[in-house]
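# What the coordinates show
Chain by chain, the residues run as shown.
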Amino acid sequence: YNAHSKTYQYRISTDRNRNVFTRKYSYHINEMPDMEKMRTMAQEFIGEKDFSGFTNLKSKKKSTVRKIYRIDIHQDKNGEIMIDIEGNGFLQNMARIIAGTILEAGTGKRDTESVRKIFSGGAREDAGAMLPSQGLKLLNVKYYRHREADMDYRQALNYIENTGKFGSRLGLENVSRLLDILG
C-alpha cells in the first residue's frame, strides 16, 4: 500500500482497417491527430494540481490534488498512439478524461488555455471527453522501498543487536535467515 506512483496507458488506433487483435484494447478514431499539439497540451498537466475538473468523483471528502510526474505520447510501429500518464495517484476516471482532453487538442477542438481555465476553477463539464475504458490499462506501479527491508542478514542481525528491535520491518526473508542462523 506504499505506492509511489502509477502509470496508466491509453491506446488510440487510427488505422482505417481496425486490427482484429487489438480492437478491444484501443480506442479507434478516423483521423490522425497532431502529435505535437498533443505533447504541448500534455505539459499543462505536469505538476501538483487540483484535478477536480478532471474527475467524475462527486464526494468532496477526498482531496482532488494529485501530482502528475510525466505524460509521454508516442506511436508504435503500427501507428497506434500511446499516452502514458504517471502520477502519484488518480481520481475516478481521471486518466481517461486527461487522455480525452489531450486527444481533443490533437484534433484541433481544444487549446491549452482551456485547460488552464479548468485548473483555475473550472468544472468537469469544461474538460475534454471521457474516453471509453477499452483503451486504458494500468501499465506500472512503483512502490517505496524501505531501507530496513533491503538489509542482508548480517546487517539485520547488527540492526537487532544495536536497536533491540525485531520485527516485520526487517522483511520476512531476513527474519527467516536470522532464525536459521540462530536456530
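A brief report on the enclosed structure follows. (Residues numbered from 1 in each chain as written. Predicted model: local features only at pLDDT ≥ 70, side-chain atom pairs only at ≥ 80, totals over all residues. Heavy atoms only, no water.)

## Quick word on the pairing of strand β1 (residues 3–13)
Pairing between β1 and strand β6 (residues 136–143): seven bridges, direction antiparallel. Within β6, the position partnered with Q9 by the bridge is K137. Relative to strand β5 (residues 81–87), β1 is paired through seven bridges, and the arrangement is antiparallel. Across the sheet, T7 pairs through a bridge with E86, a residue of β5. Two strands pair when backbone bridges link them, and β1 and strand β2 (residues 27–28) are joined in this way by two bridges, in the parallel orientation. Across the sheet, S13 pairs through a bridge with H28, a residue of β2. (Pairing = 2+ DSSP bridges. Helix = DSSP H or I, 4+ residues; strand = E, 2+ residues; numbered from the N terminus.)

## Some details on the pattern of salt bridges
Between side chains of opposite charge, a pair can form as their charged atoms come close. Scanning the model with the defined rule gives nine salt bridges in all. One salt bridge connects R11 with E80, and the closest N-O pair in it is separated by 2.4 Å. Placement of R11 in strand β1 and of E80 in the loop between β4 (65–75) and β5 is noted, with a sequence separation of 69 residues between them. In this structure R11 comes out as buried when scored by relative accessible area, which is 19%. According to the relative accessible area criterion, E80 is buried, its value standing at 6%. Salt-bridge contacts for R39 lead to E36; the nearest nitrogen and oxygen are separated by 2.9 Å. Placement of the pair is R39 and E36 together in helix α1 (residues 35–42), with a separation of three residues, close to one helical turn. (Salt bridge = Lys/Arg side-chain N within 4 Å of Asp/Glu carboxyl O. Buried < 20%, exposed > 50% of the residue type's maximum accessible area, 1.4 Å probe, protein only.)

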